[in-house]
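One letter stands for each residue in the lines below.
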There are 2 protein chains.
Amino acid sequence: MSTPTKFVLDESQIPRNWYNIMADLPVPLAPPLHPGTLKPLGPDDLAPLFPMELIMQEVSAEREVPIPEPVREVFRLWRPAPLYRAHRLEKALGTPAKIYYKYEGVSPAGSHKPNTAVPQAWYNAQAGIKKLTTETGAGQWGSSLAFAGALFGIDVTVYQVRVSYDQKPYRRALMETYGAKCLPSPSNTTNCGRAILEKNPNHPGSLGIAISEAVEVAATHDDTKYSLGSVLNHVLMHQTIIGQEAMKQLEMAGDDPDVVVGCTGGGSNFAGIAFPFVGQQLRGKGKTKQRRIVAVEPAACPSLTRGKFAYDFGDTSHLTPLVKMHTLGSTFTPPGFHAGGLRYHGMAPLVSHLHALKLIEATSYHQNECFEAGVLFARAEGIVPAPEANHAVKGAIAEAMRCKREGKSEVILFNLCGHGHFDMSAYSAYASGKLVDQHYDEKELAMALAGLPSVPEPA
Amino acid sequence: MSTPTKFVLDESQIPRNWYNIMADLPVPLAPPLHPGTLKPLGPDDLAPLFPMELIMQEVSAEREVPIPEPVREVFRLWRPAPLYRAHRLEKALGTPAKIYYKYEGVSPAGSHKPNTAVPQAWYNAQAGIKKLTTETGAGQWGSSLAFAGALFGIDVTVYQVRVSYDQKPYRRALMETYGAKCLPSPSNTTNCGRAILEKNPNHPGSLGIAISEAVEVAATHDDTKYSLGSVLNHVLMHQTIIGQEAMKQLEMAGDDPDVVVGCTGGGSNFAGIAFPFVGQQLRGKGKTKQRRIVAVEPAACPSLTRGKFAYDFGDTSHLTPLVKMHTLGSTFTPPGFHAGGLRYHGMAPLVSHLHALKLIEATSYHQNECFEAGVLFARAEGIVPAPEANHAVKGAIAEAMRCKREGKSEVILFNLCGHGHFDMSAYSAYASGKLVDQHYDEKELAMALAGLPSVPEPA
C-alpha cells in the first residue's frame, strides 16, 4: 500500500462557508406553495416553524453562506471528518477501481446529521427559542438534535417512528442521555397522532406522520419551533461541508472521482457529498471532468426511481407547505425495513430537481443485498456501516465490480454517512437469515399517487 | 476558545516501537510460576497457548520493541487517535484545571482493545495459527479480536461472561458481523464450564471463568492458540502507543500533565496511557516533572484498593500460571455491574508492581457516580463514554473539582478508552433511576483471599 489509508485535515480547515447550489442551477427550483392558497410561500408563512435566519437560508441565492464561528467551534469536536482510501475493500473485491469513502460516523451522534443539527439549534438559540420539536426515523436525526440541544440549552422533544422506537431502544437511550424527550409516533399527544391511532391503534408510524406531530406541536405553541433533519434547502446546504472537505482530501490524494455515490432517504447526506461536485460541473460548463453522480435508495421506498415528480405535502396530515419533489404520495406508508432513515415518501426538492435535469442518476437495492455489502465492508475496513449507509456501500461496490468487468480503474467516492452501532439487531437478523426483503404494496402506491394534490403549474 | 479542541497527528506519526517499561523498573517484576512445580516459568511452558514471538515479548527487557509494518498498516484505519482539550467540560465544571482526554473510541470496535488484538492476531497468523480462543466481559475485547481475526483469516471463538452476554446483545452481534463465534460462559463446551454449571446452572459467569474455558480449549487443541486482552506484560506493552501519541499531542498543545488518570480492570488501557509517563519519570530520576498517576477502579471489584498483593491464578479453574498481582482471589465472583470490562479478580502484575513501588495511586467509585459523570461529559463533549471509561471520567472530574477548591490550574490527562454505544441499556437504567450501586459480599471476599495459593517467596 504505497498511498495513505486516510486523509486527515486540521480543524483550521473546516469549511468557512456552506455551498448553496441554488446559485448555480441552470433552471430555478419550483417554489413551495401555501397549502391553502396554492400561492408561492413567503418567508412569513414559515415564521411559526423556523427562526428567520434559517428561512432566509432556505430561499437564499448566494453561492456561499458563512458558517457562524460558534458553529465551527462545535464542529471541531469531530470535523474535519476523515476521507479513507478503501485499500482492503478493493483487495477483497479484486477491482482495479480506486474506492474512497468519506466517513461521517465520527460525529458524537454517529452520522452526518449533527452537521445541520448544530447550526439549526444555534440559530434557534440566537432567536431566543428554548424548545424544539422534531421527528426521527432510525433515531440518527433525533439523537443529533438532542446533542445539539444539550450544547445550547434547548429542550428537544423527538417524535420517533414507532417501528424504529421499538426496534432501536439504544437510540432512544442516546437521546435521553443528551437530555431530550422521545415519544413513539403516532402518539396520543397530538391531534394528528390521535386521529391515526383511532383508525389503527397498531400503526407502525412513518416519517410523514412523525413530521405532522412535531409540526403540529410547534405550530400551536408560541415558545416552540420545529426542526427538520433533511429535505429542505437549508438542511441540504448545511451538509455541503462533507463534499467540500472530500474535495480537499481527494486533492491531497491526487485523485478526482469519476463516480460519486450516496444513499438517499430525504436526500441530505447525498446532497452533502454530491452538490459541491455537481456545482463544480455546472460552473465549469463542460470544461471540467464529467462525473456520474449516483443516488442509491431502498427498493422498498423508491421515491426517485418509482415516485412521481409532482407537488406534494411533506407530511401525512397535510400541515406542511406543498413542495415539488419525487414522491410516493404523502399517504404512502413504507414497509418497516431496517434503514429507518430512508423510510420517507418524498425526496428533497433540490435532489428531485437535479434528477429531472439529468444531472444525477438513481438506483435502488433491497435490504439483504445491502447488508451483504455492509458485512463485506466491515470485515475489510473494520467500520460497521449503518443500514442506511449500506445502500451507499452496495452502490459503490456495484460500481467497483462494473470497473472490474470493464477493466477500468475509475475513481469511486462514496459517503459512509454513519455507523451501525445502534442498529446491530438488524445485523443479527441478517446473520441468522431472518432478514426479509420487504416490498411495498403496489395498490397502496397507486392509491397514494392517485391522491396527490392537484396543483396548477405555477407561472 | 483560543487553543484548539483536538490535536491530530498524521498516520506517519503512528509510533514505530512499543515502550517496554520492564527496561526501566527500579525493582524487577516477580516471575510467573508454574502452577504445578511453583518454579519460575520458562518460555516453553507458555508455548501451548501463545506463539513464540508473543512469549518473547512477555519476557523482553528491551526498552523499545519494533511494531511490525503490517500491524502499523492496520493501525492506519483509526490511528493516531485524537487528543482533545475538554473546553466544554471545563466550562461546565467551572474549574481552573485544563482537562485533556485521549479518545480511543475511534477504533472500529470502539475501544483501545484493537491496539493489542491486531498485533496478537498478526503474530499468530505469522506462526500459521488458524484458530484463536479468548474470553470477553462487556465484549470490547471479544469484538476487537473478532475484527483482527477477520483481517488475518483467523477463526475466533469468544467465551463471553454470561451476565454481559445477556445484557449486551449488540456486542455479540458485532462479533458475529466480524465473523467470530460467541458463546455464553460458563458453557457446556468445556470441562471447566460444565463443572461450574453443575454446581450452579444460573451462574452469571466471570472473566476468571471465561479465561478458564478459553485456555482449556486452546490447551487441548493443537491447532488453536489463546489470546488475552489484558493483564499480561506484552498486552500492556501493545497499549503504550496511547501514551506515546498523547505525549506528542500534549507537546503540540504546549502542556505537560500534572495528573494522568485511567480506569483499571485488568490494567491495559491504564498502562497504555500511564506507562510512557511513568517511564519518563523513572529515567529522569527526579529531574523530570513529578506527576501523579491515578488508577480508578469500580468499588464493587476493587483489586488495587482492597485486594492483596500476592501470587494467584489468573483464572477460576486454575489452569493458568501463578502471577504476583493485586487480587481479590481467583474464586471471587464480582457483582454484575455494567462495566463488564472491569469485572476481574486480579490486576496486571506490572500495574500491581508499580502500585507496590508507590509509583501510582489507586481510588475507586460506585457505578451511579460514574454514570453521573458520564452523562455530564456526554452533554458537554458529545461523546457517550463506555461504562468502564466513566470511571476515568469520574476520576478526572474529581481531580478537576479538587483544582477548583484549591484554586490550581493543573493539567489533567485521562484516557477515554471507549464509547458506550453498545452499553446504552446501562444508560437507560441510570436515567430511569433503576441503576443500583452493587457491593461485593465481604464474607465471599474474605474466603477468596483466605483461599489464595500458598507460595514460598521465590529466591
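Per-chain numbering applies: the sequence of each chain, read as written, is numbered from 1 onward. Labels are handed out in written order, letters beginning with A for the chains and numbers beginning with 1 for the ligands. Under the rules for a predicted model, residues below a pLDDT of 70 receive no local features and side-chain atom pairs below 80 are neither given nor counted, while totals for whole chains, interfaces and linings still include all residues. Based on all heavy atoms of the structure, the side-chain values leave hydrogens and waters out of the count.

## A few points about a nonpolar patch on the surface
Residue and element names in this part refer to chain A. Among the surface-exposed residues, Met52, Met56 and Val59 lie close enough to one another that they form a single nonpolar patch of about 260 Å² accessible area. By definition, any uninterrupted DSSP run of H or I lasting at least four residues is a helix, any uninterrupted run of E lasting at least two residues is a strand, and each is numbered from the N terminus. You can see Met52 is positioned in helix α2 (residues 52–59). Note on exposure labels: buried denotes an accessible area under 20% of the residue type's maximum, exposed denotes more than 50%, and partly exposed covers the range between, all computed with a 1.4 Å probe on protein chains only. Classification of Met52 by relative accessible area gives partly exposed; the value is 36%. Residues forming no salt bridge and having over 30% relative accessible area are the ones grouped into patches, like charges within 9 Å of each other and nonpolar side chains (Val, Leu, Ile, Met, Phe, Trp, Tyr) within 5 Å. Only the protein chains shown count as cover for residues, and all accessible areas are computed by the Shrake-Rupley method using a 1.4 Å probe. One speaks of a salt bridge when a side-chain nitrogen belonging to Lys or Arg is within 4 Å of a carboxyl oxygen belonging to Asp or Glu.

## Some details on unusual backbone geometry
A cis amide bond, omega -10°, links Arg79 of chain A with the succeeding residue Pro80 of chain A. Position of Pro80 of chain A relative to the elements: it lies in the loop between α3 (69–75) and β4 (83–85). A positive phi angle, near 60°, is found at Leu38 of chain B, a position not held by glycine. For Leu38 of chain B, the location among the structural elements is in the loop between β2 (17–19) and α1 (43–46). In this model, Lys358 of chain B sits at a positive phi of 60°, which is unusual for a non-glycine residue. Its location among the elements puts Lys358 of chain B in the loop between α15 (349–356) and β14 (361–365).

## Re the domain arrangement of chain A
Reports of interface size often rely on the accessible area that becomes lost once the parts have come together. Residues and elements named next belong to chain A. These domain boundaries are the output of an automatic or database domain assignment. Per the domain assignment, the segments of chain A are domain 1 (6–14 + 65–110 + 234–450) and domain 2 (112–232). Its C-alpha centre places domain 1 at a distance of 22 Å from the equivalent point of domain 2. Each partner contributes to the interface: domain 1 provides 50 residues, whereas domain 2 provides 45 residues. What counts as buried area is the accessible surface, traced by a 1.4 Å probe, that two parts surrender upon association, with contributions from both included. Together domain 1 and domain 2 conceal approximately 3,700 Å² of surface at their shared face, both sides included; 61% is due to carbon and sulfur atoms. Of all residues in domain 1, the largest losses of buried area upon contact with domain 2 belong to Ala109, Arg343 and Phe422, amounting jointly to 16% of the total for that side. Joining domain 1 to domain 2, the criterion identifies 1 salt bridge. The shortest N-O distance in the salt bridge between Lys168 and Asp423 comes to 2.7 Å. In this analysis, two residues are considered to be in contact whenever any of their non-hydrogen atoms come within 4.5 Å of each other.

## Observations concerning the side chain of Asp423 of chain B
Looking at the secondary structure, you find Asp423 of chain B in the loop between β15 (411–416) and α18 (424–431). Residue Asp423 of chain B is classed as buried on the basis of its relative accessible area, which comes to 1%. Excluding residues within four positions of it along the chain, Asp423 of chain B makes contact with Tyr170 of chain A together with Gln140, Lys168, Ala386 and Pro387 of chain B.

## Points about helix α19 (residues 442–450) of chain B
All names here are of chain B. Taken together, the buried positions of α19 are Leu445, Ala448 and Leu449. When α19 is viewed along its axis, its buried side chains cluster within an angular range of 95° and face the same direction. Set apart from the buried face of α19 by more than 90 degrees, the exposed residues are Lys443, Met447 and Ala450. Comment: arc refers to directions from the helix axis out to C-beta atoms.

## Describing the sheet that holds strand β4 (residues 83–85) of chain B
Residue and element names in this part refer to chain B. A pair of strands is labelled paired if DSSP reports no fewer than 2 bridges between them. Across the sheet, 7 strands lie side by side as β1-β4-β5-β15-β10-β11-β14; this open sheet has mixed pairing. The open sheet is flanked by β1 (6–7) and β14, the only strands paired with a single partner. Direction of pairing for strand β10 (residues 259–263) relative to strand β11 (residues 292–298): parallel, over a ladder of 5 bridges. Its bridge partner lying in β11, Val260 is registered against Ile293. Under this scheme, a helix contributes an axis fitted over its contacting stretch, all axes are lines through C-alpha atoms, and angles between N-to-C directions fall in the 0 to 180 degree range. Against the sheet, helix α13 (residues 268–284) makes contact with β5 (98–103), β10, β11 and β15, and its axis sits at roughly 155° relative to β10, the strand it touches most. Contacting β4, β5, β14 and β15, helix α16 (residues 367–381) crosses the sheet at an angle of about 95° to β14.

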